[in-house]
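Geometric and topological summary
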Amino acid sequence: MKHVFILSALLIMSATALAQLTIEITQGVDDPTKIAVVPIERADGVSMPEDISAIITANLERSGLFEAIPRGNMLAFPRSETEVHFRDWRVLGSEYVLVGEVTEDAGIYRVAYELFDVLGERRIMRRQVVEGSEGQLRTIAHNISDRVYETLTGIRGAFDTQIIYVEVERHDDGTDTFRLMRADADGARPVLLLESSEPILSPVWSPDGRQVAYVSFETTRPAVFVQNLATGEREQVTDFLGLNGSPAWSPDGRHLAVVLSKDGNPEIYTLELATKRMTRVTNHFAIDTEPSWTHDGKGIIFTSNRGGRPQVYRVDLASKRVERLTFQGNYNARGRLTPDGESMVMVHHRDGTFNIAVQELDTGTLRLLTETHLDESPSVAPNGAMLIYSTRYRGRGVLAVVSLDAGTRYYLPSERGEVREPAWSPFFD
Amino acid sequence: MTNNLFKQGLFLTFILAFLAGCTSTDTMDEMDDGAAADRADERGVTTGTADRDRLRTSEDDADAALDTVIYFGFDQATLQPESRALLLAHAERLRNATNNVRVRLEGHTDERGSREYNMALGERRANSVRDFLVLQGVSRDILEVISYGEERPAVRGSSDSAWAQNRRVEIKY
């Protein structure tokens, strides 16, 4: 137990002390939908602790599908249907207008909003009300963003979701500080989940979004831990000789796939969390690692170098039959299925660079989604529209997001240290 | 492709040459532990002489004198021929070591590729070193293998030179 100290395994709500991830959009689609998000403020004129419209605007623009009308160009700030004059918005080229207002009573904020189609001159979302405390105003803004996005695109919004990631700070004396962090999907409101002087890696969400699993070297050896996000309570679930890594939850949340080398070789096992019963899945002298479950819970996709170089395979849990999934290139690793189950995202090596690629399972067609260097750890948003990954930007480890059609991308650079291994949460409902 | 095949062939040749060396040494180990390393050195491995001289001057100095890092090729866990002399020197030291000595073999990779695959690759590298030492008569019980994958680079940066220095096993006494 050298130099190990866990400063906190509890949820520490001190956003000000923690480095924020800030967003830098680098690429968007060619013909985004124009929308006006009118300032949503208090009817009594008291200023708001959060700028709800600005958060919604940033969310919609970051999706790449929308372009917001600048606030300064707006001819009026309507708050409800009677105040909306479509001509004011038509002249600005705006296709849609979102309006709303806030009332506050005893610390509870009620935000009412409605959405209009400018060309059709009609209301397309009737007045909705969402309530919450001051600390929940960002969540309210994300919730409204989700509703607007879904109404206009037909795809469920994933703005009101979160990410977990690992932050590493290298000190001048050669030591490191590893932090497991959780933040909103836009990088705001970072919260410390775990801090250690020894490596933390491979964080993943439970399917219900209430727990995370990760690998921590805090005992000077790798071990898999499960941590409850609400209580901070955590449990070490593996303690074997050799590798203890790559946790992956089964879709029903009852099992964890893990990689252990206790039998001399990295193999995939499933661990039944309630009983701690361990079942061996793979049996090969090569490296088998990076398991991820198929959506029906009947199979696991994993990385293996049994063919000489790392490629992605699928194993059927009942028959143990193994099938190779990737054939293009000499390095494909860490496959994860998209929410529709039709494609797989992975790390792909080509011409000396490591990029994120998506492969259609039916046809085998492979497309590169990124073109930088050292791109890794892709994690798809629960709506399947975007994926978050880690890359290097100006010599530092950063998180980046790209749409599954590769049309939109943005960076979430951290203000402090290196950030990596992002995992996008499921929907929280 | 042809070039690649050629390289692989060349690489295989090295490995075979290396393994041939291992086998003969192993055979001699069975006959006579103490003399085995000596004779192995005579068999065309030239870089070990200086290390051996220092080893003989003083056991204490040997700790400081002996290099403790073994390097590897990209996505490779096979020992390179040039690591042999150094590993033989460590093997001798460990064979002669007192009972309570324990050694940690820490496997590392460069930053390229996925992290958990690298964790497995780092373990493979440390296993290669352990297996070699065991083959040379070192007790397996005193060797502990741990992989840090790409989490603990020796050198920062994303250059070929940084990567080469990070693909390593550190022998920690």
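In what follows, the structure referred to is the one given above.
Residues numbered from 1 in each chain as written. Chains lettered and ligands numbered in written order. Predicted model: local features only at pLDDT ≥ 70, side-chain atom pairs only at ≥ 80, totals over all residues. Heavy atoms only, no water.

As for the packing of aromatic side chains
All names here are of chain A. Under the definition given, this model contains 11 aromatic pairs over all chains. Geometrically, the ring pair formed by Tyr149 and Phe159 is edge-to-face, given 5.4 Å between the ring centres and 90 degrees between the ring planes. Of this pair, Tyr149 sits in helix H3 (residues 137-153) while Phe159 sits in the loop between H3 and strand E8 (162-170), and the two are 10 residues apart along the sequence. Tyr149 gets classed as buried once you look at its relative accessible area, which sits at 5%. On the accessibility criterion, Phe159 (9% relative accessible area) is buried. Both rings, one in Trp205 and one in Phe428, keep their centres 5.8 Å apart while their planes meet at 70 degrees; by these two values the pair is edge-to-face. Separated by 223 residues along the polypeptide, Trp205 in strand E11 (residues 200-205) and Phe428 in the segment after strand E31 (418-424) bring together distant segments of the chain. With relative accessibility at 8%, the residue Trp205 sits in the buried group. Taking the relative accessible area as the measure of exposure, Phe428 reaches 36% and is therefore partly exposed. (Phe/Tyr/Trp six-rings, centres within 6.5 Å; stacked < 30°, edge-to-face > 60°. Helix = DSSP H or I, 4+ residues; strand = E, 2+ residues; numbered from the N terminus. Buried < 20%, exposed > 50% of the residue type's maximum accessible area, 1.4 Å probe, protein only.)

Observations concerning the sheet that holds strand E18 (residues 277-280) of chain A
Working definition: the strands of a sheet are paired by backbone hydrogen bonds and lie parallel or antiparallel to each other. Residue and element names in this part refer to chain A. Reading across the sheet, the 4 strands line up as E15-E16-E17-E18 and stay open at both edges, with antiparallel pairing between neighbours. Edge positions in the open sheet fall to strand E15 (244-249) and E18, since each of these has one partner strand only. Looking at each pair of strands side by side, their axes are set apart by 30 degrees on average, direction ignored. With 4 bridges joining them, strand E17 (residues 267-272) and E18 adopt antiparallel strand pairing. When the sheet's bridge partners are listed, Leu271 is paired in E18 with Met278. (Pairing = 2+ DSSP bridges. Axes fitted to C-alpha atoms, helices over the stretch in contact; angles between N-to-C directions.)

Concerning the nonpolar core
Soluble globular proteins: nonpolar side chains tend toward being buried together. All names here are of chain A. Ranked by internal contacts, the top residues of the largest apolar core, which has 53 residues, are Leu256, Ile300, Leu369 and Leu387. No other element matches strand E16 (residues 255-260), which puts 5 residues into this core. Setting aside chain neighbours within four positions, we find Leu256 in contact with Ala213, Val224, Val226, Val237, Pro247, Ala248, Trp249, Tyr269, Thr270, Leu271, Leu273 and Trp293. Of all hydrophobic cores here, the second largest spans 43 residues; its members include Val37, Val102, Ile163 and Ile388. (Core = buried A, V, L, I, M, F, W, Y, C linked by side-chain atoms within 4.5 Å. Contact = heavy atoms within 4.5 Å.)

A closer look at the packing of helix H5 (residues 84-95) of chain B against helix H6 (residues 115-135) of chain B
All names here are of chain B. At a minimum axis separation of 9 Å, H5 and H6 run at an interaxial angle of 60 degrees. If you check the angle between H5 and H6, you find them oblique. Crossing geometry of H5 relative to H6 is assigned as right-handed. Residues Arg84, Leu87, Leu88, His90, Ala91 and Leu94 of H5 form the contact with H6, whose participating residues are Val129, Phe132 and Leu133. Of the residues belonging to the contact of H5 with H6, the class tally is 7 nonpolar, 1 polar and 1 charged. (Parallel < 35°, antiparallel > 145°, perpendicular 65-115°, else oblique. Left-handed = near helix turned anticlockwise from the far one by under 90°. Nonpolar A, V, L, I, M, F, W, Y, C, P; charged D, E, K, R; others polar.)

A look at the packing of helix H1 (residues 52-62) of chain A against H3(A)
All names here are of chain A. At a minimum axis separation of 9 Å, H1 and H3 run at an interaxial angle of 45 degrees. When the axis of H1 is compared with that of H3, the two are oblique. Both H1 and H3 take part in a crossing whose hand is right-handed. Every residue of H3 that contacts H1 at Ile52, Ile55, Ile56, Asn59 and Leu60 is listed here: Leu137, Arg138, Ala141, His142, Ile144, Ser145, Val148 and Tyr149.

Considering the environment of B:Arg167
Residues and elements named next belong to chain B. Mapped onto the elements, Arg167 comes out in the loop between helix H7 (160-166) and strand E4 (168-172). A C-alpha to C-alpha distance of 9.0 Å links Arg167 and Gln76, two positions 91 residues apart in sequence. Leaving out residues up to four positions away in the same chain, Arg167 has contacts with Ile70, Tyr71, Phe72, Gly73, Phe74, His108, Thr109, Asp110, Arg112 and Arg125. At a separation of 2.9 Å, a polar atom in the side chain of Arg167 contacts the side chain of Asp110. (Polar contact = N/O pair within 3.5 Å; in protein donor to acceptor, adjacent residues only side chain to side chain.)

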